[in-house]
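# A structural walkthrough
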Amino acid sequence: MVFSSMLFLWIFLPLVLAAYYISPGKIRNGILVFFSLLFYAWGEPLYVFLMLFSVAVNFTGGILIEKYQTRKKKILVATLIINLGLLGYFKYFGTLTEAGLFSADGTGTTLFQVALPIGISFYTFQALSYVINVYRGEVPAQHNFWHMLLYISFFPQLIAGPIVKYRDIAAQITGRKETIRKFAAGIMRFCWGLGKKVLLANSFARVVDEIFKYGPYAVSRKALWLGAILYMMQIYYDFSGYSDMAIGLGRIFGFRFSENFNYPLVLEKCSDLNSRRISIILIQLVLCRNSGTDGIFPCLPGFAIMSIFLWEEIAKARHAPIETCLSYFSLPECGMGLEWRLFS
């Protein structure tokens, strides 16, 4: 289920809004948890249990880290291994199998296929945000499993982000206040994002698909340039639109999510990258076209997001602002000589 579908707009969203606002305040978080699990189970009925397992692991890990301070580093490492192990298995097993690493005959064939759970990168790194925040002592461990489940599974940002750090939203889980002003602002923001997605991104996608389906030698150079530019705009408006819709939906229910895009395509010079605060999620959403395969595939999504935590640690160790910490990512898998500067 996607935000721009008729099912979401005309059935799911009205139902969750009605159930949420006619319910007393004490059970509103439960309403959001129920509809969030329903939202995820609609597309992944089996893998909803995988998400619940991830929530349980990190919920338990946070409590143990807070309780056993002398062993908290070992507990953190164990939690990281479980989280990244699950993410690596589901996200990269298929790719490595196609390369012949896990096939019996080396041809890329295997006896079983591993389907990629929807949104596993987003909810895994949100969970890691929680245990890392608890490990640093920035927030107390969450002792209410349902509150933890709401943080991980909240449907507006479950599928396509934006990734929300636990320390930024912990107080809002129990202490937020819904107002008419927030509701109206959320509706406006959601409609703005919906327009980006449906009117712009989808329109650009149709043109891009028509240009690139013939291959680089079957169309003119001008057409290729047009396709490249429109493809860039498609990616930006697609994910910017989804971020706007997620932020708007959160605002409707009283939450305030961090901004994810701040005009990254209108920079005058490279030094403006820092002041523009390009989100970490933008790096995850870099997509590449491979002339040897059909369609689009993501490049190093997990490693890009994980680096935000590493750079924060480096910044603290050097007693320097996090904005001064810079990382370069080369993307050889894309067949392109690109380096991306990453800011948290």
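Residues numbered from 1 in each chain as written. Predicted model: local features only at pLDDT ≥ 70, side-chain atom pairs only at ≥ 80, totals over all residues. Heavy atoms only, no water.

Okay, the nonpolar core next. Membership of the largest hydrophobic core comes to 64 residues, with the highest contact counts inside it found for F8, F155 and F253. At ten residues, helix α5 (residues 120-136) tops the list of elements feeding residues into this core. Apart from the residues lying within four places of it in its own chain, the contact partners of F8 are M1, V2, F3, L13, P14, F39, F155, F190 and L249. One finds F204, Y231, M233 and Y237 within the second-largest nonpolar core, a separate group that totals ten residues. (Core = buried A, V, L, I, M, F, W, Y, C linked by side-chain atoms within 4.5 Å. Buried < 20%, exposed > 50% of the residue type's maximum accessible area, 1.4 Å probe, protein only. Helix = DSSP H or I, 4+ residues; strand = E, 2+ residues; numbered from the N terminus. Contact = heavy atoms within 4.5 Å.)

On inspection of all chains with the given rule, the structure shows eight salt bridges. The salt bridge partner of R189 is D244, with a shortest N-O separation of 2.9 Å. One end of the pair, R189, is in helix α8 (residues 180-212); the other, D244, is in helix α9 (residues 221-252), with 55 residues separating them in the sequence. Exposure remark for R189: the relative accessible area of 22% places this residue in the partly exposed category. By relative accessible area, D244 is classed as buried at 5%. Residues K196 and D244 are paired through a salt bridge, measuring 2.7 Å at the closest nitrogen-oxygen approach. Of this pair, K196 sits in helix α8 while D244 is found in helix α9, placing the two residues 48 residues apart along the sequence. Exposure remark for K196: the relative accessible area of 12% places this residue in the buried category. Through salt bridges that share partners, R28, R176 and E178 make up one connected network. (Salt bridge = Lys/Arg side-chain N within 4 Å of Asp/Glu carboxyl O.)

To continue, consider helix α3 (residues 48-67). The end-to-end C-alpha distance of α3, which contains 20 residues, comes to 29 Å, matching closely the 28 Å that a straight helix rising 1.5 Å per residue would cover. What α3 keeps buried is the set V48, L50, M51, S54, V55, V57, N58, F59, G61, G62 and I65. (Expected span 1.5 Å × (residues − 1).)

Averaged over the chain, the pLDDT score is 75; the fraction of residues at 70 or greater is 69%. Within the chain, the lowest mean pLDDT, 33, falls on strand β4 (residues 339-342), and the highest, 93, falls on helix α1 (residues 6-22). A low-confidence stretch, residues 274-344 stays under pLDDT 50, and its non-local contacts, those more than four residues away or across chains, total 128 contacts. (pLDDT = per-residue confidence, 0-100.)

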